[in-house]
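# Geometric and topological summary
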Amino acid sequence: MSYLVITGPTASGKTARAVAAAREFNGEIISADSRQLYRGMDLGTGKDLDEYGDVPYHLIDICPAGYRYNLYEYLRDERAARRDITDRGKLPILCGGTGLYVESVLKGITLPEVPENPELRASLEDKSLEELTSILSRMKTLHNNTDVDTAKRAIRAIEICSYYEQHPEEAALTEPSPLSDATIIGVAIDRESRRSRITARLYQRLANGMIEEVESLISSGIAPDDLIYYGLEYKYLTLYITGRLKRDEMIAALETAIHQFAKRQMTWFRGMERRGFTINWLPYDMPADEFTDAIGNLMKP
């Protein structure tokens with residue numbers, strides 16, 4: 001059975017399109033959003049669970065807030081969800097805008113679980129992020145900043161590379177096996193419409209209680225720095241709640257950060273196209289029935 005992928009930048013309306021496709025093609029949705037995994041992080045991640053109605057979804061609300069889910073876990077859980085869906089004769093629909101997740105799934109990447117190395121971690125803990133980045137760059141090509149945006153991530157990346165060097169037989173298992181039966185749909189939205197929708201959505205979520213959501217997470221015992229780690233809404237709202245930003249400063253900085261995030265998403269998708277993936281872009285404001293018909297015409301048999 002084929003695999004349908006619906007992706008695109010934030011605020012483009014991916015979820016509604018995926019839900020419509022699931023109803024039309026007897027499908028179930030697998031989230032490809034790196035933050036909707038966490039329970040209690042609802043408004044800030046834009047889960048919009050009401051949109052799903054009776055359509056089953058997977059990989060949403062599977063981890064407690066404060067946990068740091070990783071790519072290995074995602075690829076493992078996505079494979080299990082996809083297998084379950086196809087075994088029941090339904091169409092799996094991958095929906096989300098986390099480019100790393102989407103591309104890794106499409107490449108058919110498999111990652112072995114890498115255990116912690118306390119001795120290595122101890123030897124690296126006093127090094128600066130710049131020093132850690134230099135070490136990692138000698139071990140592998142850095143295609144983006146994901147592995148080195150914090151010292152903790154850089155140490156983990158070095159730990160993984162070291163493990164592969166010591167266990168080449170497991171590293172061989174990571175050779176990708178690209179999916180040949182996937183149809184990729186991109187929800188295309190022009191820059192000005194995207195910016196307008198991002199702004200309107202931000203103010204709506206603030207009105208709906210997004211600040212209170214973050215306050216509740218902190219009150220439940222989650223450390224502010226653990227929320228800041230998730231970025232965007234959780235970073236800036238936490239900085240506001242803990243008194244490090246004024247409300248107006250928080251809103252302005254958050255709005256700018258979301259716009260920049262959407263630009264980075266589009267940069268990733270363009271990179272995917274350069275790397276050989278065919279993304280079939282359909283307009284975000286295309287009538288619902290026409291959008292679904294277009295997906296049906298594009299889907300691989």
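Before reading further, recall that the structure is shown in the block above.
So, here's what we can say about the structure. (Residues numbered from 1 in each chain as written. Predicted model: local features only at pLDDT ≥ 70, side-chain atom pairs only at ≥ 80, totals over all residues. Heavy atoms only, no water.)

### Quick notes on the packing of helix α2 (residues 71-87) against helix α3 (residues 99-107)
It is the contact of α2 with α3, at a shortest axis distance of 11 Å, that shows an interaxial angle of 55°. Considered as vectors, α2 and α3 are oriented oblique to each other. Judged by the twist between their axes, the crossing of α2 over α3 is right-handed. Of the residues in α3, those in contact with Leu 71, Tyr 74, Leu 75, Glu 78 and Arg 82 of α2 are Leu 100, Tyr 101, Ser 104 and Val 105. Partitioned by chemical class, the residues of the contact of α2 with α3 number 6 nonpolar, 1 polar and 2 charged. (Axes fitted to C-alpha atoms, helices over the stretch in contact; angles between N-to-C directions. Helix = DSSP H or I, 4+ residues; strand = E, 2+ residues; numbered from the N terminus. Parallel < 35°, antiparallel > 145°, perpendicular 65-115°, else oblique. Left-handed = near helix turned anticlockwise from the far one by under 90°. Contact = heavy atoms within 4.5 Å. Nonpolar A, V, L, I, M, F, W, Y, C, P; charged D, E, K, R; others polar.)

### Here we look at the sheet that holds strand β1 (residues 3-7)
Sheet architecture is open: 6 strands sit in the order β4-β2-β6-β1-β7-β8, paired in parallel fashion. Each of the sheet's edge strands pairs with one partner strand only, and the pair in question is β4 (57-58) and β8 (279-283). With 5 bridges connecting them, strand β7 (residues 182-188) and β8 associate as parallel partners. Along β8, the bridge assignment pairs Val 187 with Leu 282. Against the sheet, α3 touches β1, β6 (91-95) and β7, its axis set at about 160° to β1. Sheet contacts for helix α12 (residues 247-274): β1 and β8; angle to β8, the most-contacted strand, approximately 135°. (Pairing = 2+ DSSP bridges.)

### Here we look at the packing of aromatic side chains
Considering all chains together, one arrives at 5 aromatic pairs under this definition. With centroids separated by 5.5 Å and ring planes inclined at 70°, the aromatic side chains of Tyr 229 and Tyr 230 adopt a geometry described as edge-to-face. With relative accessibility at 8%, the residue Tyr 230 sits in the buried group. Between Phe 269 and Trp 281, the ring centres sit 6.2 Å apart and the planes meet at 65°, which makes this aromatic pair edge-to-face. Here the residue Phe 269 occupies a position in helix α12, and Trp 281 occupies one in strand β8, the gap between them amounting to 12 residues. Ring pairing ties together the aromatic residues Tyr 38, Tyr 229 and Tyr 230, which thus form one cluster. (Phe/Tyr/Trp six-rings, centres within 6.5 Å; stacked < 30°, edge-to-face > 60°. Buried < 20%, exposed > 50% of the residue type's maximum accessible area, 1.4 Å probe, protein only.)

### Quick notes on the pairing of strand β2 (residues 27-31)
In terms of residue burial, β2 counts as a mostly covered element, since 5 of its 5 residues are buried. A two-sided burial pattern is seen for β2, the buried positions comprising Gly 27, Ile 29 and Ser 31 on one face and Glu 28 and Ile 30 on the other. In this structure, β2 lies alongside β4, joined through 2 bridges in parallel fashion. What sits directly across from Ile 29, in β4, is Tyr 57.

### Some points on the nonpolar core
Of all hydrophobic cores here, the largest spans 54 residues; its most connected members are Ile 30, Tyr 74, Leu 94 and Leu 106. Among the elements that line this core, the one with the most residues is α12, at 9 residues. Residues Val 55, Leu 91, Ile 93 and Ile 295 belong to the second largest nonpolar core, which totals 21 residues. (Core = buried A, V, L, I, M, F, W, Y, C linked by side-chain atoms within 4.5 Å.)

### Section: α12
Under the 1.5 Å per step criterion, the end-to-end length of α12 is 41 Å for 28 residues, consistent within 8% with the ideal 40 Å. Positive backbone phi, at 105°, marks Gly 276, one or two positions downstream of α12. (Expected span 1.5 Å × (residues − 1).)

### Things to note about the pattern of salt bridges
Going through the model one piece at a time under the given rule, you end up with 17 salt bridges. For the salt bridge of Asp 54 with Arg 23, the shortest nitrogen-to-oxygen distance reads 3.2 Å. Note that Asp 54 is positioned in the loop between β3 (38-39) and β4 and Arg 23 in helix α1 (residues 14-25), a separation of 31 residues in sequence. Residues joined in a network through salt bridges with shared partners are Glu 28, Asp 84, Arg 88 and Lys 90. (Salt bridge = Lys/Arg side-chain N within 4 Å of Asp/Glu carboxyl O.)

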